[in-house]
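# Structural features, examined
Listed below are the residues making up each chain.
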Amino acid sequence: MNLENKLSIVLPTFNRINNLKISLETYLKTKRQDVIFLIVDDCSTDGTYEYLKDLSKVDIRIKIFRQEKNKHINGNSLDGFKKVTTPYAMWLSDDDIMIGDYIDECIKVFEKIPSVGIVHNRCNQTNKNALEKFNLYKGGEEAMRRIFSQGSAFPGLAYRMSC
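## A closer look at a nonpolar patch on the surface
- A cluster of nonpolar residues, I22, I97 and I99, forms a patch on the protein surface that exposes about 260 Å² of accessible area.
- One can find I99 in the loop between strand 4 (88-91) and helix 4 (102-112).
- A relative accessible area of 44% means that I99 is categorised as partly exposed.

## Observations regarding the nonpolar core
- Core analysis: the largest hydrophobic core is formed by 28 residues, its most contacted members being L7, I9, L24, F37, M90, I103 and V119.
- Elements with a contribution of two residues or more to this core: strand 1 (7-13), helix 1 (17-27), strand 2 (35-41), helix 2 (48-58), strand 4, helix 4 and strand 5 (116-120).
- Top element by residues in this core is helix 4. It accounts for six residues.
- With five residues, the next largest nonpolar core counts V10, I36, L38 and A89 among its residues.

## Thoughts on unusual backbone geometry
- The phi dihedral of N15 is positive, around 50°, even though this residue is not glycine.
- Along the polypeptide, N15 turns up in the loop between strand 1 and helix 1.
- On the accessibility criterion, N15 (28% relative accessible area) is partly exposed.
- In the Ramachandran plot, H72 falls in the positive-phi region, its phi being about 65° despite a non-glycine side chain.
- In this fold, H72 is placed in helix 3 (residues 72-81).

Conventions and cut-offs
- Residues numbered from 1 in each chain as written.
- Predicted model: local features only at pLDDT ≥ 70, side-chain atom pairs only at ≥ 80, totals over all residues.
- Heavy atoms only, no water.
- Patch = residues over 30% accessible without salt bridge, like charges linked within 9 Å, V, L, I, M, F, W, Y side chains within 5 Å.
- Areas by Shrake-Rupley, 256 points an atom, 1.4 Å probe, with all protein chains shown as cover.
- Salt bridge = Lys/Arg side-chain N within 4 Å of Asp/Glu carboxyl O.
- Helix = DSSP H or I, 4+ residues; strand = E, 2+ residues; numbered from the N terminus.
- Buried < 20%, exposed > 50% of the residue type's maximum accessible area, 1.4 Å probe, protein only.
- Core = buried A, V, L, I, M, F, W, Y, C linked by side-chain atoms within 4.5 Å.

What follows is the structure, encoded as structure tokens:
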């Protein structure tokens, strides 16, 4: 079945192979086959790139890019977002876990409510067993202000790229 991809997941990583193995296992459990995992390796030296190459042979949703020089988290993330060609994008971290199918839920929100520009997961890093409902914000300055006032929990942000 040839599906048109709806969401790109930008996942920057650098020398975090042990964390990445745990994170990716939870992310790849999404039932969505119409997503792409754009994993941008920032010149890892711990076997991360080799691990990702092997994993991409098993799961065709994984696309790997390797930086020619270390760009650190901001440059690495930006380069990942420059590769997005889908209507929706999400930033995930190489050291978080996902409970449930948040990826699917974000796509459903975007499809159901065309005015939503950003979905934020409000992840709770102090209690990984706590599930919190995510908030819906319209696009624009108010959404950005409210999201960035949440603290440093930016992984999990999902964007409507046209906004």
